[in-house]
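If you want the building blocks of each chain, they are given just below.
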Amino acid sequence: MEPLDNAPYLIENEPYYLSSGDEANLFQAAWEAKLPVMLKGPTGCGKTRFVQHMAWRLGRPLITVACHEDLFASDLLGRYLLMHEETVWVDGPLTRAARMGAICYLDEIVEARKDTTVVIHPLTDDRRMLSIDKKGETLRAHPDFMLVISFNPGYQSVLKDLKQSTRQRFVGLQFDYPPAAQEARIVAEEGGVSVSVAERLVTLAGRVRNVREQGLTEGASTRLLIYAAQLISRGIDPAQACRTAICLPLTDDDRLQATLADLVEDLF
Amino acid sequence: MAMSDNHPLDFLRIADPETHVWVAGRVALMRPAPSRRFLTRLAETTVWALSLESGLGRVVTEGLLQLGGQAHDDLLDDYVARVRRAGATGPTLARLMAMHLVPVLAAGPAMVQRFDTTVGIMRGKGTYTLFEPLSVLGTLLKAEEVEAAGAYLDLLATTFGQDISYNRSVRLVYLLPKAVRDFVPRRRKAQIEQLRSVIQTDPRLVDPFLEGMEKGAALLGATDLARFVDAGLSHHGRSPKAGIAFLSLSSEEGRHFCARLQKVVPLSRIRASLERYLAARLGHRLPVRPMSALGDRLPEGAPMVCSDGHAIYLPDEIDQGRDPAANIALAKLLIRLEAGFFEWDSFAFDLARAIDRYPAVARRAAAVEIRSVDGRCDAERFLDCFQRPALAEAIWLLWELGRVVTGFARRYPGLLRAARPALQNEADRLWPAARADWWTALYRRLILGGAPTGGVGEEWVADLERCFLERMAAESPVEAGADLVCHVYDALAERIGKQRGRDRIPKRLPLGWRLYWPLVGRAFAPRAEAAERLRRRLAEQGIRVYRADLQQMLVRQRGELSSEELQRLVLTRGQGPVPSGADGAHADLAALLAAAGLQPAAADAADGSAFRYPEWDHQLQDYLRDHVRVQPAKVTGSTDDDVYQSTLQRHRGVVTRMRRAFELLKPEGLTLLRQWPEGDAFDHRALIDFVIDRRAGRIPSDRLFIKRLKQERDVAVLLLVDLSRSTANPVAGGQATVLEVAKEALVLFCEALQVVGDSYAIAGFSGTGRHSVDYFTIKAFGEALTPAVKAGISGLRPHRSTRMGAAIRHATVQLAPLSSRVRLLILVSDGFPNDLDYKGDHAIADTRRAAQEARARQVHVKAITVNIGSDPRLDALYGRNHHYVIGDVRDLPDKLLRLYGLLTRRS
């Protein structure tokens, strides 16, 4: 078989990531020990960015799969396609990653169907194998291959849960919104705004996370703050940018919207 | 003279020894001692009254004692003469006069004259008309609402001067005093006058008018209310019906007219939103309370906002603005400003910390006993170190306001931009430029961000300004203010030694925004002792924590502190080395809390058979922790499933139809999508076509795959049935009771869900009081539809009350752990929640809250209300779009299933 071209999956420029703990070292150690990793944390706190950053740092290609409820095992493993009157096997993202020694990142794994998640089991223990029934192939994973999954415990506990048999195959890394000063640096860097504006956005996020106990299910994510910052850096009025990028996406409740608007008014 | 040798009260002793003992006791307490003439008068009149009727004696004595031993002779004579005159008519009238004359006489001759006229008119209708009306008159006069009292007398005179029937007059005698008592003091006079003009037009308009007042007209100012009433009366002139609708605010026009005029915003209407804002901004709950809750603690000058470190107080009604929107904006502004004191910890001032940190403070406060607990706060104790505490307070307030404003500038530029013009306007209004002094000049500079104080002209003010500004540049704690005061006090005291009135905070400040230390001291007093006890215990362990920090924490936790919280406090706010044991010594801290007499905030463990839930108190805007006890109960009394079978029999038609409908909801397992552009396997039929097409030179279709979709219906539903007493009511136009129909609905529901295969549970609830809410599980999730379950449905019977919130919370706990994609709670009830101490708005607010909590846990709550008409309060109870009203309960079995089908169809 011809060597796989991993160039499309390599990350050229360093993705911006500000470490807030020891997660990079932990990740690297896990990669060296060939352990699969589970990233836990609320939405928009930087899990995906962290994986991109680590892939760049380790110089490995990154294959990302956004999981959804119609994701079947064959979507991960691969399928036969028709080409010039022949059937040709095409690897799915997971198979491809295992072959080329990439980092395979299954984002929001709980969104996938429960039967689908089972196919990753043999890959995640010391066998590091993938059996492709349709093709009759048993693939031994490349030594550099790594499996990373993410999920958001905020809602998985009530709607869906990861089976214990799946959970216990991973080492876990906990993510959360970064501390205020760091979050401000991230927002300033990514959103292209001054640190003082970023600080105010972060203060707003802190206030919004206070409201969470009063009816919002999730606080404002760092991602939303960056969106607001990006709007601001393009000349949108800060208050308007906050309403558009932070308040409106968060909730449909009019009374909570009014409170959020008050908070925005205080800050800008 | 023989008389003068005897005590004047001897006369009474001979007549009635028992009364004499009582009177003598009261007289002995009078200061200054009453004159001899008064005592003689007292004895004579009491004896006379006793002779008329035994009960009258005390009343008359009481009246005379209230007039007082030093009262003018004329006044006494007048009183006695009037009571005696009334006595000639009968003891009842005499008693009324004796009781109510005192405040009238005290109010002066004009009032007396009005009183006479009115009482004369009312007596014409009968003495019975006087009881209630006069007692309210007394209340008004005692509250010194003389004008309102006058207007009230005129109202009574007008009313009873009219030709009205006995029945109507009996009603008015009850209605008018009650209405007048309920009016708000500041608008009472105007409202009484309008009530009078309404009655003058037509006494039948009283009810509609009072209804309108209750609905919102009471919030109108004097002239606006007059305009409203004029408009109403002119409607009435054209058509009495239209006038009634207008005044009672039942007509659209009346409502609009009133809404247009309305300016006042009652605090109760905006409190929840203000508190939500505060919780968001501060990260902890801070209540907003009406000023009236302060009672006698209300600071002088009735400011627009103040706080005591526990809560922020706003006027009961906000009416300074042009319109409601302006008033709401004003309230928000006040809250935002005041929250600054909480955000920058003004109330956490601790003298011990100030002494530790600032040598100047230590020198000044050397003599103060800082550990004592005496109902004052540390700030007051510190201010008392100065010869002129008012001057020290003035300096300190400037600093505190300036510090908070600096914080605003740093963190909330938007807030400051909104607040400064408002403060500036007020400052210009209150302090004309000509009367500028050092304090107002510095206020303008530091708080309003005005130009440097060169205008005042004196060099020392500029020095002071520099001193403030330098220290404010850094983010400083509240204690830094104490240091500043110590530094500048002496020089300043010398400077303005002779300038009277300039050595204190001006009486009126912009928006009344300032700190009121006495309020703080009194509010913290109950916690101060506990905090001090705890501080000492900690100190014994070598852990130093400041009392103010403990105090604040106790306040926020409402007197309960867990060892974890205490530990956090020790680690973050404590000072000095943390002893090695302190960071791990949970048990020690818990024991310490117990030793300090503080309740650890550990959760009350359920005893296995009962569950405790919080209840939402909308007055407090907070949860009452572990307030309700829910006990699982069993349905007893029925072992056969007769109801179940007979219902199936009776509704055979419906059952067949519903089975068919629900078959359609049932998932068919796998769906195969053929000729799909992508999929798991080849669709071989399409593949053959593909090859044929290619061979034939046609462009083949690329839809070659089969996709398998597994259809899942992952629904769990809990049907919660109200078993209150009212479900025993018969259904309108039928023999069956509400519950019997509900049972039929349950039977059909079970049948249908068996077909569709959804996971379901059935439960009922009732109970009495918060300690015994019964929760009957008829079928649990995962339990099969056994004969026992069927018998359970048959055995349901009406019980007692409806504490809906607790039942919803308990049902949510049953649903929450299920892994189903859609979790649904359907509540079937026949009305509003109602239980002991669980009525009206409180019950509605709690139920709504419980439903919100359930939704936050991804449990959909839908309600079906049967047997009552649509009521807008149902929207408040369950939320719009979350409830259904089925007026005729007999439709329930059919509609419940339809509704269920609709709710879950697209799941």
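Residues numbered from 1 in each chain as written. Chains lettered and ligands numbered in written order. Predicted model: local features only at pLDDT ≥ 70, side-chain atom pairs only at ≥ 80, totals over all residues. Heavy atoms only, no water.

## What to know about the sheet that holds strand β13 (residues 773-779) of chain B
Residues and elements named next belong to chain B. The eight strands are arranged β6-β7-β13-β12-β11-β14-β15-β16 in an open sheet whose pairing can be described as mixed. Bordering the open sheet on either side are β6 (611-617) and β16 (883-886), each of which pairs with just one other strand. On average, each strand axis in the sheet is tilted by 25° relative to the strand beside it, whichever way the strands run. Of the strand pairs in this sheet, strand β11 (residues 715-722) and strand β12 (residues 759-767) are connected by seven bridges, and their pairing is parallel. Bridge assignment links Leu-718 to a residue of β12, and that residue is Ala-761. (Pairing = 2+ DSSP bridges. Helix = DSSP H or I, 4+ residues; strand = E, 2+ residues; numbered from the N terminus. Axes fitted to C-alpha atoms, helices over the stretch in contact; angles between N-to-C directions.)

## Considering the interface of chain B and chain A
Opposite the 40 residues of chain B that make contact, chain A presents 31 residues. In total, about 3,200 Å² of surface goes out of reach between chain B and chain A, with carbon and sulfur atoms giving 50% of it. Together, B:Arg276, B:Ala280 and B:Asp680 form the three largest contributors to the area buried by chain B at its contact with chain A, with a combined 19%. Seen at the junction of chain B and chain A, the total is six salt bridges. Taking the shortest distance from any N to any O, the salt bridge between A:Asp266 and B:Arg281 comes out at 4.0 Å. Secondary-structure elements contributing two or more residues to the side of chain B that touches chain A are α17 (267-282), α18 (324-343), α23 (413-430), α33 (684-695), β10 (705-710) and α37 (840-856) of chain B. (Contact = heavy atoms within 4.5 Å. Buried area = accessible area lost by both parts, 1.4 Å probe. Salt bridge = Lys/Arg side-chain N within 4 Å of Asp/Glu carboxyl O.)

## A few points about the packing of helix α10 (residues 195-211) of chain A against helix α11 (residues 222-233) of chain A
Residue and element names in this part refer to chain A. Interhelical geometry of α10 versus α11 gives an angle of 140° and a closest axis separation of 10 Å. One way to sum up the angle between α10 and α11 is to call them oblique. Pair α10 / α11 crosses with right-handed handedness. Within the contact between the two elements, α10 uses Val-197, Leu-201, Val-202, Ala-205 and Arg-209 and α11 uses Thr-222, Leu-225, Ala-228, Ala-229 and Ile-232. (Parallel < 35°, antiparallel > 145°, perpendicular 65-115°, else oblique. Left-handed = near helix turned anticlockwise from the far one by under 90°.)

## What about the pairing of strand β14 (residues 822-829) of chain B?
All names here are of chain B. Of all eight residues making up β14, eight are buried, and the element is well covered by its neighbours. With burial as the criterion, each face of β14 is covered, one bearing Val-822, Leu-824, Ile-826 and Val-828 and the other bearing Arg-823, Leu-825, Leu-827 and Ser-829. Running through α37, the crossover from β14 to the neighbouring parallel element strand β15 (residues 859-866) is right-handed. (Buried < 20%, exposed > 50% of the residue type's maximum accessible area, 1.4 Å probe, protein only. Right-handed = clockwise from strand over helix to strand, strands pointing away.)

## Some thoughts on the pattern of salt bridges
Side chains bearing opposite charge may pair, as long as their charged atoms lie close to each other. The final tally for this structure, using the stated rule, is 62 salt bridges over all chains. Here B:Arg444 makes a salt bridge to B:Asp428, at a shortest N to O gap of 2.9 Å. Of the two residues, B:Arg444 is situated in helix α24 (residues 438-446) and B:Asp428 in helix α23; the sequence distance between them amounts to 16 residues. One continuous salt-bridge network, built from bridges that share partners, spans A:Arg207, A:Asp262, A:Glu265, A:Asp266, B:Arg281, B:Lys332, B:Arg336, B:Glu343 and B:Arg411.

## What about the environment of B:Arg336?
Assignment of secondary structure puts B:Arg336 in helix α18. For the pair B:Arg336 and B:Leu278, spaced 58 residues apart in the sequence, the C-alpha separation amounts to 8.1 Å. Beyond its immediate stretch of four places on either side in the chain, B:Arg336 contacts A:Asp262, A:Glu265, A:Asp266, B:Tyr277, B:Arg281, B:Phe408 and B:Leu415. Within the structure, the side chain of B:Arg336 is placed 3.3 Å from the side chain of A:Glu265, a separation counted as a polar contact. (Polar contact = N/O pair within 3.5 Å; in protein donor to acceptor, adjacent residues only side chain to side chain.)

What is shown is where atoms sit, not what they do.
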